[in-house]
Amino acid sequence: MKQTLISASIVAMLSTGAIAGNIDTAIADPVIAPPALTSTDWSGSYCGLSYSSGGGTDAGSSGSTSDYFDDTAIGGFCGNNWQRSNLVYGGELNVTAGSLAIDNGFSDELGTRTELRARVGYAMGDALVYGFLGYGTSDVKWGGTNPGGYDVAGGTYGMGVDYMVTDSMFAGLEVSNLELKGMPTGGNGEHTHDINVISLRIGWKFN
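Criteria and cut-off values
- Residues numbered from 1 in each chain as written.
- Predicted model: local features only at pLDDT ≥ 70, side-chain atom pairs only at ≥ 80, totals over all residues.
- Heavy atoms only, no water.
- Salt bridge = Lys/Arg side-chain N within 4 Å of Asp/Glu carboxyl O.
- Helix = DSSP H or I, 4+ residues; strand = E, 2+ residues; numbered from the N terminus.
- Buried < 20%, exposed > 50% of the residue type's maximum accessible area, 1.4 Å probe, protein only.
- Patch = residues over 30% accessible without salt bridge, like charges linked within 9 Å, V, L, I, M, F, W, Y side chains within 5 Å.
- Areas by Shrake-Rupley, 256 points an atom, 1.4 Å probe, with all protein chains shown as cover.
- Disulfide = S-S within 2.5 Å.
- pLDDT = per-residue confidence, 0-100.
- Core = buried A, V, L, I, M, F, W, Y, C linked by side-chain atoms within 4.5 Å.
- Contact = heavy atoms within 4.5 Å.

## Overview of the pattern of salt bridges
Counted by the stated rule, this structure contains eight salt bridges. Close ionic contact of Asp139 with Lys141 constitutes a salt bridge, the shortest N to O distance being 2.8 Å. For Arg201, the salt bridge goes to Glu174, with nearest N and O atoms at 3.4 Å. Note that Arg201 is positioned in strand E11 (residues 191–206) and Glu174 in strand E10 (residues 169–182), a separation of 27 residues in sequence. Neither Arg201 nor Glu174 differs from the other in exposure class; each is buried.

Set out below in structure tokens:
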């Protein structure tokens, strides 16, 4: 009889522990893993095309100023990006073909613009917001009865945003400024060409 009571007590204790364990397990707080923050991999080489609208002013050191006729142009660009976490940096060669006419009555115009840029951006999901600084060159052609021209060069800067449409194709919007300076042949004083450009861009990334 004594052994039966002891056995019953042990069984009761084990049953109570099992029930308590089940209760503790049932009310335990679930472990929820935080969502992973991911961004597109922008590293690698890329190339693309642009369609831009530009205009500005031509200011001479003598105080004369002429406006550019606003006009559109097509262009192309190639570059390479490196990425560390969300920071994206790299270099780009940008060429805008065509010309911008100067409203001065002499049929003067600014020719094709070439820019070498250093870019730094921040990746947010499929979007890349970036800014750039660089160096640009072009040439000014004279019209009228005494045709000629001269070279201009100077700084370029701007900012833009690219959005990855597919795994390899992206589209973007960019705003830029060029301040190109040069001395016309014949010593007519230095001229500063301040050009503002808005560009739509589409490109392809190569891993």
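## Re a nonpolar patch on the surface
Residues Tyr51, Ile74, Tyr122, Met124, Val129, Val161, Leu173, Val175, Ile198 and Leu200 make up a contiguous nonpolar surface patch of about 940 Å² in total accessible area. Broken down by secondary-structure element, the contributors of at least two residues to the nonpolar patch are strand E7 (113–124), E10 and E11. By the secondary structure assignment, Tyr51 is in strand E1 (residues 44–60).

## Considerations on the state of the cysteines
Under the defined criterion, the tally for this structure stands at one disulfide. Each disulfide pairs two cysteine sulfurs, and for Cys47 the partner residue is Cys78, the sulfurs being separated by 2.1 Å. In this structure, the disulfide formed by Cys47 and Cys78 twists by about 110° around the S-S bond and is classed as right-handed. Separated by 31 residues along the polypeptide, Cys47 in strand E1 and Cys78 in strand E3 (residues 71–84) bring together distant segments of the chain. Assessed through its relative accessible area of 36%, Cys78 is described here as partly exposed.

## A closer look at the confidence of the model for the chain
For the chain, mean pLDDT is 85; residues scoring 70 or higher make up 79% of the total. Summarising per-element confidence for the chain, the mean pLDDT is lowest in helix H1 (residues 2–27) (49) and highest in strand E4 (residues 87–96) (98).

## What about the nonpolar core?
Grouped together as the largest cluster of nonpolar side chains are 11 residues: Tyr68, Leu100, Ile102, Leu110, Val140, Tyr150, Val152, Leu178, Leu180, Ile195 and Val197. Those elements that place two or more of their residues in this core are strand E9 (148–164), E10 and E11. Setting aside residues up to four positions removed in sequence, Leu100 forms contacts with Gly54, Gly55, Tyr68, Phe69, Asp71, Asp108, Glu109, Leu110, Arg113 and Ile195. Grouped together as the second largest cluster of nonpolar side chains are eight residues, Trp42, Tyr46, Val88 and Met164 included.

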